[in-house]
Amino acid sequence: VLWRNFFKFGEVKKFQANSILKAKELINQIGLSDHINSSAKNLSGGQKKLLEISRALMTNPKLILLDEPTAGVSPPMCTILMEVIQNLRKKGITFVIIEHDMEMILKTIAQYALEHSDVAIFFPVHPWQLIYLASQDFLDEHLGSIPEEL
């Protein structure tokens, strides 16, 4: 059969076996080893976010883009999720995170920035445009008051 000339079945089996081992390592690394035989549909929202990150890690990325990783996630799971992101960052993976929970992001970044000098925060046009949904108390505590011209 002609199509078999495109595959080296021994290499495919080896690749599959290595992929399974790597997937199991990543599941352990992100703390989902208790659920290794569970269906993804039975995981909590936060656990699904961790699973998404581990799936991205299968490709050995240097950069991971996350859109609202803490949306719909319980506060304790948010803490775990951010710890996983920080640990992966320490391993050299860069994250671009879009998030509405600015308090959590700023707390996480501030903690990390104290330990490292390679943190950059980019705001579109002006920082106030990104965090306008934050409470006034939060703004006053962390950033001062919003300038009158905005």
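Shown above is the structure to which this text applies.
Residues numbered from 1 in each chain as written. Predicted model: local features only at pLDDT ≥ 70, side-chain atom pairs only at ≥ 80, totals over all residues. Heavy atoms only, no water.

Looking at unusual backbone geometry
You will see that Asn60, though not glycine, has its phi angle at about 55°, which is positive. Unlike most non-glycine residues, Glu68 shows phi in positive territory, near 50°. Mapped onto the elements, Glu68 comes out in the loop between strand S1 (63-67) and helix H3 (75-90). (Helix = DSSP H or I, 4+ residues; strand = E, 2+ residues; numbered from the N terminus.)

Quick look at helix H2 (residues 45-57)
Taking 1.5 Å per residue as the helical rise, H2 with its 13 residues ought to reach 18 Å, and the 19 Å between its terminal C-alpha atoms agrees with that figure. Buried within H2 we find Gly46, Gln47, Lys49, Leu50, Ile53, Ser54 and Leu57. Buried residues along H2 cover an arc of 155° about the axis, so they all sit on one side. For H2, the exposed residues set more than 90 degrees away from the buried face come down to Glu52 and Arg55. Structurally, H2 contributes buried residues whose contacts are with helix H1 (9-29), S1 and H3. (Expected span 1.5 Å × (residues − 1). Buried < 20%, exposed > 50% of the residue type's maximum accessible area, 1.4 Å probe, protein only. Arc of directions from axis to C-beta. Contact = heavy atoms within 4.5 Å.)

Geometry only, nothing functional implied.
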